Amino acid sequence: MFRLIENRRAAAPYYHEKITVHIYTIEELCYYLEKNTYLIDKSWLGESLFAWLEKELDMYELAAGLRNAMRKQKSVYESVLLIFHASGNYSEKELKNLRTLLDAMEGKTSMERRKMRGDLFFKAKKYRQAAYTYMELLQPGNARQMTEELRGNIMHNLGVIYARMFQFEEAAQLFAESWRLSKNEKSRECYLYAMNYLDEHAPEKDQELDLSFSEMREALAHISEVSDLPEYYAERKEVSLAADAYDWKPKQTGLADRWKSEYKAMNS
């Protein structure tokens with residue numbers, strides 16, 4: 001059992017080339033590791049950290065445990081869990097959740113781990129943070145570090161975010177590109193779904209995806225992935241099934257504007 005050193009503050013801070021702040025306490029170290037879990041690699045572990053824990057925080061047991069884990073070539077995530085545990089700042093439930101997250105990252109590439117971060121924001125409906133994460137990953141400089149399948153999956157999720165924000169033109173473009181890269185049938189279906197919402201001024205439809213009105217309507221009837229406000233999409237489904245479905249386009253702008261206004265009010 002690790003001995004907890006309460007309120008211990010280092011006289012000299014810990015510094016790592018990947019860290020943009022100086023760390024003075026075990027709490028600060030844990031906070032930084034937790035917030036940057038997706039960037040952690042073996043470069044985080046080494047004698048400079050172990051010596052700092054001993055000299056500045058008197059955490060000899062933790063330093064010894066980390067050295068032992070490194071000698072046994074344990075996963076970097078096992079060492080991170082040792083640090084979290086030794087801090088005494090986490091409940092058993094929190095430690096269990098952290099272990100689940102770290103286990104899921106085992107064997108993943110840095111790009112895959114960063115996508116996981118965006119996925120967590122996405123699942124929590126923190127769409128702005130998720131979109132920023134995905135867009136950063138899709139920068140040209142990252143292209144060589146990921147497979148086309150991974151790029152396609154990122155584009156698919158970003159397309160879902162745009163659709164949930166009622167930006168259907170952007171969503172359709174992302175779904176189309178996702179399908180080209182990953183050939184995921186779900187991306188094709190979501191493309192057809194999004195195309196239901198575009199007006200007559202939208203860009204030319206993607207011919208590679210064999211677009212037809214019947215397919216669009218079929219996709220609209222059974223796809224729920226791109227919606228987290230079912231009542232809005234149900235309203236659109238009713239119109240698509242009505243006899244005057246082909247007269248939908250002139251009505252689109254007003255309804256979409258109302259949706260956006262109501263959605264913005266709910267999330268402001």
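What you see is a predicted model, and the numbers here were worked out from it, not measured in a lab.

Parameters at a glance
Residues numbered from 1 in each chain as written. Predicted model: local features only at pLDDT ≥ 70, side-chain atom pairs only at ≥ 80, totals over all residues. Heavy atoms only, no water. Helix = DSSP H or I, 4+ residues; strand = E, 2+ residues; numbered from the N terminus. Expected span 1.5 Å × (residues − 1). Buried < 20%, exposed > 50% of the residue type's maximum accessible area, 1.4 Å probe, protein only. Arc of directions from axis to C-beta. Axes fitted to C-alpha atoms, helices over the stretch in contact; angles between N-to-C directions. Parallel < 35°, antiparallel > 145°, perpendicular 65-115°, else oblique. Left-handed = near helix turned anticlockwise from the far one by under 90°. Contact = heavy atoms within 4.5 Å.

> I keep staring at the environment of Y77 and nothing clicks. Help me out?
With respect to the helices, strands and loops of the structure, Y77 is situated in helix α4 (residues 76–87). Residues Y77 and L98, spaced 21 residues apart in sequence, show a C-alpha to C-alpha distance of 9.8 Å.

> I would appreciate a short explanation of helix α8 (residues 148–164) in the present structure.
Each α-helix turn comprises 3.6 residues. Residues three or four places apart therefore point the same way. In this model, α8 (17 residues) spans 24 Å end to end at C-alpha, consistent with the 24 Å of a helix rising 1.5 Å per residue. By the criterion of burial, α8 is predominantly enclosed, with 13 of the 17 residues buried.

> Just to check I follow, could you spell out helix α3 (residues 60–71) for this structure?
Over its twelve residues, α3 runs 16 Å from end to end, which matches the ideal 16 Å to within 8%, given 1.5 Å per residue. Those residues of α3 lying buried are L62, A63, L66, R67 and A69. Buried residues of α3, viewed axially, fall in a sector of 160°; they line one side. Just past α3, the residue Q73 takes up positive phi, approximately 60°.

> It is not clear to me how the packing of α4 against helix α5 (residues 92–105) should be interpreted in this structure. Could you clarify?
It is at 10 Å that the axes of α4 and α5 come closest, and there the two elements cross at 165°. One way to sum up the angle between α4 and α5 is to call them roughly antiparallel. Where α4 crosses over α5, the handedness of that crossing is right-handed. Listed contacts from α5 to Y77, E78, V80, L81, F84 and H85 of α4 are L95, L98, R99, L102 and M105.

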